[in-house]
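Inside the fold
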Amino acid sequence: MSAPAMGTSKTAHTDSSNKKKKGPGTLATAYLVIYNVVMTAGWLVIAVGLVRAYLARGSYHGLYYSIEKPLKFFQTGALLEILHCAVGIVPSSVVLTGFQVMSRVFLTWAVTHSVREVQSEDSVLLFVVAWTVTEIIRYSFYTFSLLNHLPYLIKWARYTFFIVLYPMGVAGELLTIYAALPYVQKTGLYSITLPNKYNFSFDYHSFLILVMVSYIPLFPQLYFHMMRQRKKVLGYVEEYSKVE
Amino acid sequence: MTGSSAGLISLLIGCAASSVLPDWTPCLSLTSLGKAIQTATMKHYEVEILDAKTKDKLCFLDKVEPNATIGEIKSMFHKSHPQWYPARQSIRLDPKGKSLKDEDVLQHLPVGTTATFYFRDLGAQISWVTVFLTEYAGPLLIYLMFYFRVPFIYAPKYDFTSSKHWVVHLACMCHSFHYVKRLLETLFVHRFSHGTMPLRNIFKNCTYYWGFAAWMAYYINHPLYTPPIYGEQQIRLALIVFLFCQIGNFSIHIALRNLRPPGSKTRKIPYPTKNPFTWIFLLVSCPNYTYELGSWLGFTLMTQCLPVAFFTLVGFIQMTVWAKGKHRSYLKEFRDYPALRSPILPFIL
């Protein structure tokens, strides 16, 4: 019997169902529902903001500025998800979740925010749109799952939209980092040179190149993992009737 | 008539016969006759080995002796499947269960006379000694390459030059001493419980050790290296800490070696010996890790180099994980395990 590494002992609060529910207790579920609803709403705000700004300006350029603040707020808020895994109320790997959230936060703050010159690039819009659509679907998926009323449409969307959105987001991210490179090199942003009393050096420009290169082994693995999940989750539609 | 009484009667008849007809049983002694009868009347086991994942029948062994060990069964399995040498076999009672030990005896296992075992391939294996030697030889040589400022590392005008700071020379001696000590301990001191580990570990481990060694060595031996702020005082203190912990670490390794007779895999509670460096056993389960941390803290202080601090931190985290695991297994295995001991840091961790 493989129990999750960090189970919760809120058994006093769970309902008296005979099924062994390894999930969070009632209090944790309520909190998670609120969290996921808030996140869904937040990304909807970003989506609406993008649409309104586009309609107002009549062009795709510079839409980043219209949603900069909610983007930073809600993307950074996702750090809580690492905590959720660590505490055990969400049965995901801390390392995997940490990695995914940190890469988003890195792009938001350490690249887009820090290198002002890339904020007007179209590549930023590319990943912002990809993230927005993905997150709206993802957070509503979690909300409905927690309430045990998951519409098939949301499940389908979650495991289908990524096919396009994932490469789209990766393209946007890579192009943005690439655009940032010359400015980072010129200004020596976040870089430390020798000599110094800690005998340490860091070249942010080289680091960014390394990050770009790391997409090569990582992206296919994550993409095909989602593909496999898709087959598993959606593959047996004929056998199960629509439960919800 | 039961098997044992039949055996006894046969034995008596045999004794009587050999006394009356001395020429009849010239080669059989009483004991070998007894053994032959014992074997004839012993219940042989049948062993079938299934794949743990697919449940396919991989091997069927009949006439297996009840006192056969898992190790012997592994050898027999290896004969029918030469690609799976015993070190890479995991034999279990349950497909998802724990691996049985080589020393486990067939008749003492909860199996019927037809025993079913599940097999899992552990993958290509490599001996611990090989891994240790490779992962320790790397840092030794790599650091020296940086120390001697081999070409293509620093700017060409620095090739084969020597640092003007004496602490850099001291650091090289300490670092080299540390890894030479580790290599010698691997060859002459340590007694390993397991013979092998998965082959992929050597790539993982070598990347860690070699990578960090290169990273540290680059800065310490850099032409623009900045010596410690508090100069000679800091370096002297650091050296004392380093040497103290090296001796301590070595003392613990010797003490642990002496707990275990050569070639055995016994496990005993370690206790302080006459050597004062082992008195830390009173407070800590894995003082070898404690001393190792101390050595690297000393080296960090000596070089005042942030990458060294990172290496120390990462090593500390890993050793804490190992120490906690070892501490837990000590507690599980020995009822009378001293309560005062912490895994790695006295009273703290």
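Residues numbered from 1 in each chain as written. Chains lettered and ligands numbered in written order. Predicted model: local features only at pLDDT ≥ 70, side-chain atom pairs only at ≥ 80, totals over all residues. Heavy atoms only, no water.

So the rule is basically this: UniProt positions are given in the numbering used here, feature names are shortened, and annotations may be inferred rather than shown by experiment.
Naming follows an unreviewed UniProt entry, where chain B appears as Very-long-chain enoyl-CoA reductase of Carassius auratus. Its UniProt record gives chain B the following Subcellular location (unreviewed entry) comment, quoted word for word: "Endoplasmic reticulum membrane".

By the naming in an unreviewed UniProt entry, chain A goes by Very-long-chain (3R)-3-hydroxyacyl-CoA dehydratase and is assigned to Carassius auratus. For the record of chain A, the UniProt heading Sequence similarities (unreviewed entry) holds the text "Belongs to the very long-chain fatty acids dehydratase HACD family." Its UniProt record, at the heading Pathway (unreviewed entry), says of chain A: "Lipid metabolism; fatty acid biosynthesis."

Digging into the overall build of chain B
Heads up, the rule is: Only runs of H or I of at least four residues qualify as helices and only runs of E of at least two qualify as strands under DSSP, and these elements are numbered from the N terminus. Note on classification: 1.4 Å probe, protein chains only; a residue is buried when its accessible area is under 20% of the maximum for its type, exposed when over 50%, partly exposed between these limits. Contact criterion: two residues are considered in contact whenever any of their non-hydrogen atoms come within 4.5 Å of each other. Method for areas: the Shrake-Rupley scheme with a 1.4 Å probe, in which residue coverage is limited to the protein chains shown.
Across its full length, chain B holds nine helices and six strands. Taken over 349 residues, chain B has a buried fraction of 43%. Taking the contacts inside chain B whose residues are at least 6 apart along the sequence as the reference set, 71% of them involve residues at least 24 apart. As displayed, chain B has an accessible area near 19500 Å², and 66% of this comes from carbon and sulfur atoms.

Digging into the domain arrangement of chain B
Counted only if it meets this: Domain start and stop points were drawn from an automatic or database domain assignment.
Segmentation of chain B into domains returns domain 1 (45-123) and domain 2 (127-333). A separation of 39 Å is found between the C-alpha centroids of domain 1 of chain B and domain 2 of chain B.

Regarding the UniProt feature "transmembrane region" (unreviewed entry) in chain A
Per the UniProt record, "transmembrane region" (unreviewed entry) is annotated on residues 32-55, 76-99, 159-184 and 204-224 of chain A. Split by type, residues 204-224 of chain A is 100% helix and 0% strand. Its first and last C-alpha atoms lie 30 Å apart.

What to know about unusual backbone geometry
Excluding glycine, residues mostly have negative phi values, and the peptide bonds linking residues are mostly trans. Here Leu194(A) and Pro195(A) are connected by a cis peptide whose omega angle stands at -10°. Tracing the backbone shows Pro195(A) in the loop between helix 7 (162-187) and helix 8 (204-234). Backbone geometry places Asn199(A), a non-glycine residue, at a positive phi of 50°. With respect to the helices and strands, the residue Asn199(A) is situated in the loop between helix 7 and helix 8. Backbone geometry at Lys55(B) places phi at a positive 65°, although glycine is not the residue there. Examined against the element boundaries, Lys55(B) turns out to sit in the loop between strand 1 (45-51) and strand 2 (57-64).

A short note on the pattern of salt bridges
A side chain of one charge can pair with a side chain of the opposite charge when the charged atoms of the two come close. Basically, it comes down to this: One side-chain nitrogen of Lys or Arg within 4 Å of one carboxyl oxygen of Asp or Glu is enough to make a salt bridge.
Taken as a whole, this structure holds 11 salt bridges over all chains when the rule is applied. Residue Glu135(A) is joined to Arg138(A) by a salt bridge in which the shortest nitrogen-to-oxygen separation is 2.9 Å. One end of the pair is Glu135(A) and the other is Arg138(A), both in helix 5 (residues 122-146) and three residues apart, which spans about a single turn. For the pair Glu135(A) and Arg138(A), a shared accessibility class is recorded, and that class is buried. Note that Glu185(B) is salt-bridged to Lys181(B), the shortest N-O span being 3.2 Å. You can see Glu185(B) and its partner Lys181(B) sitting in helix 5 (residues 166-188), four residues apart, about one turn around the helix.

Brief notes about the interface of chain B and chain A
Selection rule: A quick way to say it: buried area is the sum, across both parts, of accessible area lost when two parts are put together, with a 1.4 Å probe. Residues adjacent in sequence count toward polar contacts only when both atoms are side-chain atoms; beyond that, a polar contact is any pair of N or O atoms within 3.5 Å, and within protein one must be able to donate a hydrogen and the other to accept it.
Contact residues are listed per partner, giving 13 residues for chain B and eight residues for chain A. Between chain B and chain A, the buried area comes to about 890 Å², and carbon and sulfur atoms account for 61% of it. Broken down residue by residue, the surface that chain B buries against chain A is led by Tyr219(B), Leu224(B) and Thr226(B), which jointly contribute 50%. Taken together, the connections running from chain B to chain A amount to zero salt bridges. Put simply, chain B and chain A have six residue pairs in polar contact (both at pLDDT 80 or more) between them. Those elements giving two or more residues to the side of chain B that touches chain A turn out to be helix 6 (200-220) and helix 9 (306-333) of chain B. Take the side of chain B that touches chain A: its biggest share by element is three residues, from helix 9 of chain B.

Quick notes on the side chain of Gln75(A)
Residues and elements named next belong to chain A. Mapped onto the elements, glutamine 75 comes out in helix 2 (residues 64-77). Judged by relative accessible area, glutamine 75 falls into the buried class, the value being 1%. With residues near it in sequence (within four places) discarded, glutamine 75 still touches Trp43, Pro70, Arg104, Val105, Thr108 and Trp131.

Let's talk about the packing of helix 1 (residues 26-57) of chain A against helix 2 of chain A
Residues and elements named next belong to chain A. The condition is simple: Axes here mean lines fitted to C-alpha atoms, for a helix over just the part in contact, with angles spanning 0 to 180 degrees between N-to-C directions. Put simply, angles under 35 degrees are roughly parallel, angles over 145 are roughly antiparallel, angles from 65 to 115 are roughly perpendicular, and the rest are oblique. Should the near helix be turned anticlockwise from the far one by less than a right angle, the crossing is left-handed, and should it be turned clockwise, the crossing is right-handed. Nonpolar residues are Ala, Val, Leu, Ile, Met, Phe, Trp, Tyr, Cys and Pro. Charged residues are Asp, Glu, Lys and Arg, and all others, Gly as well, are polar.
Two numbers describe how helix 1 lies on helix 2: the axes approach to 9 Å, and their chain directions differ by 160°. By the angle class used here, helix 1 and helix 2 are roughly antiparallel. For the crossing formed where helix 1 meets helix 2, the hand is left-handed. Together, Tyr35, Val38, Met39, Gly42, Trp43, Val45, Ile46, Gly49, Leu50 and Ala53 of helix 1 and Ser66, Ile67, Pro70, Leu71, Phe74, Gln75 and Gly77 of helix 2 make up the contact between the two elements. A class-by-class count of the residues in the contact of helix 1 with helix 2 yields 12 nonpolar, five polar and no charged.

As for a nonpolar patch on the surface
Residue and element names in this part refer to chain B. Basically, it comes down to this: Note that patches include only residues with greater than 30% relative accessible area and no salt bridge, and the join distances are 9 Å for like charges and 5 Å for nonpolar side chains (Val, Leu, Ile, Met, Phe, Trp, Tyr).
A contiguous nonpolar surface patch, about 440 Å² in accessible area, is contributed by Val129, Val180, Leu184, Leu187 and Phe188. With four residues, helix 5 is the largest single contributor of residues to the nonpolar patch. Structurally, valine 129 can be placed in helix 4 (residues 128-147). In this structure valine 129 comes out as partly exposed when scored by relative accessible area, which is 32%.

Quick notes on the pairing of strand 4 (residues 114-121) of chain B
All names here are of chain B. Here is the rule: The criterion for strand pairing is that DSSP finds at least two bridges linking the strands in question.
Sheet topology places strand 1 next to strand 4; six bridges connect them, and they run parallel. In the strand pairing of strand 4, glutamate 46 is matched with threonine 114. Two strands pair when backbone bridges link them, and strand 3 (residues 89-92) and strand 4 are joined in this way by four bridges, in the antiparallel orientation. By the bridge assignment for strand 4, serine 90 is matched with arginine 120.

Describing helix 2 of chain A
An α-helix turns once per 3.6 residues; consequently, residues spaced three or four apart project the same way. Residue and element names in this part refer to chain A. Stated formally: The length a helix should cover is 1.5 Å for every residue beyond the first. Here the bend at a residue means the angle between the axes of two seven-residue stretches, the one that ends at it and the one that starts at it.
The end-to-end C-alpha distance of helix 2, which contains 14 residues, comes to 18 Å, matching closely the 20 Å that a straight helix rising 1.5 Å per residue would cover. By the largest-angle criterion, proline 70 marks the main kink of helix 2, which is about 35°. Residues of helix 2 that are buried make contact with helix 1, helix 4 (94-113) and helix 5.

As for the packing of helix 7 (residues 231-258) of chain B against helix 8 (residues 287-303) of chain B
Residue and element names in this part refer to chain B. Here helix 7 crosses helix 8 at 160°, and the two axes come no closer than 8 Å. In terms of their interaxial angle, helix 7 and helix 8 are classed as roughly antiparallel. As for how helix 7 packs across helix 8, the hand of that crossing is left-handed. Among the residues making up the contact of helix 7 with helix 8, the classes are represented as 14 nonpolar, nine polar and one charged.

Focus on the environment of Val164(A)
In this structure, Val164(A) sits in helix 7. Distance from Val164(A) to Ala130(A), taken between C-alpha atoms, is 8.7 Å for residues 34 residues apart in sequence.

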